[in-house]
Every structure is written in structure tokens, then in C-alpha cells.
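Given next are the chains, with one letter for each unit.
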Amino acid sequence: MINWKELSNEIRQTLPGIRLLEEEPLARHTSFRIGGPAAVFAQPSSAEELAALLRLLSEKNIRPRVLGAGTNVLAPDEGVRGLVVCLKDCLGGMERLDETHIRVMAGVTMARAAVNAANMGLTGMEFAHGIPGTVGGGVYMNAGAYGGEICQICESVEVMDLDGNLSRLSNAEMAFSYRHSALENRTGIVVSAVFALKRGNSEEIWAKM
């Protein structure tokens, strides 16, 4: 049986900068405000810190639960006797790669990504403005609304496996379908996504949003 207190102490020694909570109520991290305590609740601040944490857990054969912004998540009342990795404040940021392509980190909310795209005069992501949750969750389940879906704009996805290794999947490899992607059939964490958008008129983009 795993001694979660000892594991917490070891993680703190290995990763002194990581935010780590014990017996943390999941109700504080879900939009429905329900859920009992997680034995250990980890909040890495960067992809590098996340990879280091995953490597440590992999060496101990511990498989973490992964939580993003906690929207539309039903956490159990009895809690989770395990380690939950929360990425809400991790994997943030967004960059413009060229005239029409942007790379968005998984921890960015869908709404913020849509606003940033609009500010750049890029169209194609307006539908995402009304979807709760993060880009990571949106990519994972091919989120969509108002006639648009992630699969229509997603060119590639960077994924981290539970050993901390990175790989890149193309749109075809993601095997998107209605509210589904290939990630639902494999283990891994979305780190970022590249979206292919189009130049547009800012006023029309904002009006549509």
C-alpha cells in the first residue's frame, strides 16, 4: 500500500518548487463544486516540472489522475485515494507561428484562446468562445459548439506520455470524430495544440463571437 504522506515528502524533496497539497477537496477544483479529498493534489507550474513529476511517479508504478479546469467533471464524494495532477495553472501561453497558425498551450481556456485569436484578426475559432474548459480538454474530446469543432482547425497536438516523453500527433493521427479523439484510447496529457486559422475582419470576428 502506498504511503501518500511519504510520497508527498519525496516529491517535495525532488521538486521543491511544485505546489503540493494533501487531502485537498476536489470540490474546490470542479465547476460543480463537488468531490471529496484527493490524497495528494499536485499543481506543476511548467511542462518541465510536469515531466519530472510523471517520471518520478512512473518509477514507482503510480498512475496519476489528470484534471484540467474541472469543468463538467463529476468528482466522487469519497474522494480519490491517489495523486491528482491539476493543470489549470500549468501549460499556459500562446504564440503566433506565422500569418495564420497559432500554438496554444493546453492550460489556456478555450474562451481566452478565441479572444486572442480575434485580437490577431484570425477567424475560425469564434465557436470556442462559448465553450467552458481548457484547450487541453477541448482537444481531448473534440469540443464543439455553434457549428464549429476543434477538429476543423487543429493541425497538430503535442502530447506527453506518463513517462514524461513528448510526441506530436497530426490531425489525421488524432482520429477526431464527434466528441472523441484518439487520445481517449491511450494514456497521455495534451501539452499544446497548433491551430490553422484564416485572416479575417476583426469587427466581423467579434460580432460573431
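Refer to the preceding data block for the structure.
Here the residue numbers are simple positions, counted from 1 along each chain's written sequence. Only residues with pLDDT of 70 or above have their local features reported here, since the model is predicted, and side-chain atom pairs are shown and tallied only from 80 upward, although totals for entire chains, interfaces and linings are computed over all residues. Remark: hydrogens and water are excluded; side-chain values derive from all non-hydrogen atoms of the structure.

## Here we look at the pairing of strand 6 (residues 101-105)
Alright, step 1. Of all five residues that make up strand 6, four are buried, and the element is covered over most of its length.
Alright, step 2. When DSSP finds at least two bridges between two strands, those strands are taken to pair. A helix here means a DSSP run of H or I that spans at least four residues, while a strand means a run of E at least two residues long, and both kinds are numbered starting from the N terminus. Pairing geometry for strand 5 (residues 94-96) and strand 6, over three bridges, is antiparallel. Note on strand 6: the bridge partner recorded for Glu-95 is Arg-103.
Alright, step 3. Counted along the chain from strand 5 to the antiparallel partner strand 6, the turn is four residues long.
Alright, step 4. The pairing of strand 6 with strand 12 (residues 189-196) spans five bridges and is classified as antiparallel. Within the sheet, the bridge partner assigned to His-101 lies in strand 12 and is Ala-196. Burial classes: relative accessible area under 20% of the type maximum marks a residue as buried, over 50% as exposed, and values in between as partly exposed (1.4 Å probe, protein chains only).

## Focus: the sheet that holds strand 11 (residues 166-170)
Alright, step 1. Taken in spatial order, the five strands line up as 5-6-12-10-11 in an open sheet, and their pairing is antiparallel. Looking at the sheet topology across the chains shown, the edges are occupied by strand 5 and strand 11. When the angles between neighbouring strand axes are averaged without regard to direction, this sheet yields 20 degrees.
Alright, step 2. In the sheet, strand 10 (residues 154-160) pairs with strand 11 via five bridges, with the strands oriented antiparallel. Counted as the bridge partner of Val-157 is Leu-169 from strand 11.
Alright, step 3. Across the face of the sheet, helix 2 (residues 47-59) comes into contact with strand 10 and strand 12 while running at roughly 45 degrees to strand 10. Each axis is a line fitted through C-alpha atoms, taken for helices only over the stretch in contact, and angles between the N-to-C directions span 0 to 180 degrees. Contacts are assigned to residue pairs with any non-hydrogen atoms lying within 4.5 Å of each other.

## Considering the nonpolar core
Alright, step 1. Nine residue types can take part in a nonpolar core, namely buried Ala, Val, Leu, Ile, Met, Phe, Trp, Tyr and Cys, and a core is a set of them joined through side-chain atoms within 4.5 Å. Ranked by size, the top nonpolar core spans 57 residues in total, and within it Leu-83, Leu-91, Ile-102, Met-125, Val-139, Ile-150 and Phe-195 carry the most contacts.
Alright, step 2. For this core, the element with the highest residue contribution is helix 2, accounting for seven residues.
Alright, step 3. Leaving out residues up to four positions away in the same chain, Ile-102 has contacts with Met-94, Glu-95, Arg-96, Leu-97, Ala-117, Met-120, Leu-122, Met-125, Ala-193, Val-194, Phe-195 and Leu-197.
Alright, step 4. Membership of the second largest hydrophobic core comes to eight residues, among which are Leu-26, Ala-38, Leu-67 and Val-84.

## Some remarks on the pattern of salt bridges
Alright, step 1. One speaks of a salt bridge when a side-chain nitrogen belonging to Lys or Arg is within 4 Å of a carboxyl oxygen belonging to Asp or Glu. By the definition in use, this model includes nine salt bridges.
Alright, step 2. As a salt-bridge pair, Glu-23 and Arg-81 come within 2.9 Å of each other at their nearest N and O atoms. Residue Glu-23 is located in strand 1 (residues 19-25), and its partner Arg-81 is located in strand 4 (residues 80-86); the two are separated by 58 residues in the primary sequence.
Alright, step 3. Note on Glu-23: relative accessible area 41%, which makes it partly exposed.
Alright, step 4. Ionic pairing is found between Glu-24 and Arg-28, a salt bridge with its closest N-O pair at 3.3 Å.
Alright, step 5. Take Arg-28: its relative accessible area is 57%, and that puts it in the exposed class.
Alright, step 6. Three or more residues joined by partner-sharing salt bridges are found here, namely Lys-5, Arg-12 and Glu-22.

## A short note on a nonpolar patch on the surface
Alright, step 1. Residues Phe-32, Ile-34 and Leu-74 make up a contiguous nonpolar surface patch of about 300 Å² in total accessible area.
Alright, step 2. Relative to the helices and strands, Leu-74 resides in the loop between strand 3 (65-67) and strand 4. Note that patches include only residues with greater than 30% relative accessible area and no salt bridge, and the join distances are 9 Å for like charges and 5 Å for nonpolar side chains (Val, Leu, Ile, Met, Phe, Trp, Tyr). Computed with a 1.4 Å probe, the accessible areas rest on the Shrake-Rupley method; for each residue, only the protein chains presented here act as cover.

## What about helix 2?
Alright, step 1. Taking 1.5 Å per residue as the helical rise, helix 2 with its 13 residues ought to reach 18 Å, and the 18 Å between its terminal C-alpha atoms agrees with that figure.
Alright, step 2. Residues Ala-47, Glu-49, Leu-50, Ala-51, Leu-53, Leu-54, Leu-56 and Leu-57 constitute the buried set of helix 2.
Alright, step 3. Those residues of helix 2 that are buried lie in contact with helix 1 (4-14), strand 2 (37-43), strand 4, strand 10 and strand 12.
Alright, step 4. Of the residues trailing helix 2, Asn-61 is marked for its positive phi of about 55 degrees. Take the number of residues in a helix, subtract one, and multiply by 1.5 Å to get its expected span.

## Structural notes on the sheet that holds strand 2
Alright, step 1. Strands sit in the order 1-2-4-3 across an open sheet of four strands; the sheet is mixed. At either margin of the open sheet sits one strand with a lone partner, and together these are strand 1 and strand 3. On average, adjacent strands in this sheet sit at an angle of 30 degrees to one another, irrespective of strand direction.
Alright, step 2. Where strand 2 and strand 4 come together, four bridges link them in parallel fashion. Within strand 4, the position partnered with Ala-42 by the bridge is Val-85.

Spatial relationships are all this shows, so hold off on functional conclusions.
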